[in-house]
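Working through the structure, step by step
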Amino acid sequence: IGELLREWRGQLDLERLHLNDCRYLQWKACAMYVASLIDIELLANIVETKSLTKGAKNSFISLPAASLRMKALEDRLGIKLLCRTSQGVMPTPAGRTFLQHGIVVLNHMRRLECDLHEYAAGTKGLVRVFANTTCSNEFLPPLLREYLVLHPNITVDLEEHLSPDIVHALSKGSADLGIVAGNILINELESRPFRKYRMVVITALSHALAGRESISLEEALDFEFVGLLQGGETNHACIREVAYSLDKQLKTRILAHNFEVQCSMVEAGVGIGIISDFSARRYATSMAISIIPITNSWAARDSYVCMRRSEELSKFVKDLFDFLASREVPAAVSAKQSLSLMSYGYGRA
């Protein structure tokens, strides 16, 4: 209001300003300031977590301050944005409309901040890439190296996430590109095929399964597993589903933080593991592990590079999307090759 009054100072005698004029200025100021970015982000976090407490925590705001902010926002708009239900705090129809537009504003501001930051650092572009563990460890390093050599002014921010979380991040605008695998719904995203690979069982050379030509997941459930803490959650969810359908338990002895630790534990005889054939072949060159193809159709994985269907994406985001989708890659190791690796023990194929 003060800024508007100062703007009109040369045109109006403020001492003679009528009450209706003041109310008009107040209405105009409120119309100009619907919500701050903090309010929008707070509302988005509350809706995502279905909790005012968790939403405030994720926004790094105290609970009383968050409650006051939401009340002030609703008072300014004259409508309710949130309501409490048995399922938690949910958005009203007006709240969903507000959030739909608010997320667009947040995405634009984040993109503006990233772009300006990179210009200040002497870099022209930043691409945020989320990928599942197998793709980020096995396939992306050589491709990104080639891309970055061709584009010295571009920076890539690569993070590992589960495939469902990647799709969610792309939809929200938290990521520019994503690489997902498995039965993931990506209908709302633009996607192209990336890599095909298979999941295999790995065991120590002294394990009872070593030397098998193939194995079903049902058979593997009779043995103890070495799991993967981050990227293996999706695999273990599938394994748990099979175990539940067969009235069996998934016996996980230990969870490793990465593929190398997982393979080391398998080599030491702690249990068996399930990883991609590419990862198994790489670690079999330096570790005494046996590779056994899985016969279940679940083991065959198609991966896709994805991005939002939007003209708002930067040109270098689309360039990286086209680059990753167009690069030919070696075919995944076949079952015959896997058997060859298994027979050598250390994978000298």
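Residues numbered from 1 in each chain as written. Predicted model: local features only at pLDDT ≥ 70, side-chain atom pairs only at ≥ 80, totals over all residues. Heavy atoms only, no water.

1. Side note on the pattern of salt bridges
Which entries qualify depends on this criterion: The salt bridge definition used is simple: a Lys or Arg side-chain nitrogen within 4 Å of an Asp or Glu carboxyl oxygen. For helices the rule is a DSSP run of H or I covering at least 4 residues; for strands it is a run of E covering at least 2, with both sets numbered from the N terminus onward. Accessibility here uses a 1.4 Å probe with only protein chains present; expressed as a share of the type maximum, an area under 20% marks a residue as buried, one over 50% as exposed, and anything in between as partly exposed.
The tally for this structure, following the rule as stated, stands at 14 salt bridges. Put simply, Lys172 and Glu48 hold a salt bridge, and the shortest N to O gap is 3.1 Å. Of this pair, Lys172 sits in helix α8 (residues 163-172) while Glu48 sits in helix α3 (residues 37-49), placing them 124 residues apart in sequence. According to the relative accessible area criterion, Lys172 is partly exposed, its value standing at 26%. Residues Glu138 and Arg282 are paired through a salt bridge, measuring 2.5 Å at the closest nitrogen-oxygen approach. Here the residue Glu138 occupies a position in helix α7 (residues 133-150), and Arg282 occupies one in helix α12 (residues 277-284), the gap between them amounting to 144 residues. Here the residues in one salt-bridge network are Asp39, Arg69 and Arg76, joined through shared partners.

2. Thoughts on the packing of aromatic side chains
The condition that has to hold: Ring geometry is summarised as follows: Phe, Tyr and Trp rings, the Trp one being its six-membered ring, pair when their centres sit within 6.5 Å, and such pairs are stacked at plane angles under 30 degrees, edge-to-face over 60 and tilted between the two. Here, over-ring charges are defined by two tests on the NZ atom of lysine or the CZ atom of arginine: distance to the ring centre within 6 Å, and angle to the ring normal within 35 degrees.
Using the criterion set out here, one finds 4 aromatic pairs in the structure. Their ring planes at 85° and their centres at 4.8 Å tell us that Phe139 and Phe278 sit as a pair that is edge-to-face. Remark: Phe278 occurs in helix α12 and Phe139 occurs in helix α7; sequence separation between them is 139 residues. Each member of the pair Phe139 and Phe278 is classed as buried. Taking NZ or CZ as reference, Arg195 lies 5.8 Å from the ring centre of Phe194, over its face. A cation sits over an aromatic face here: Arg282 above Tyr283, 4.6 Å from the ring centre.

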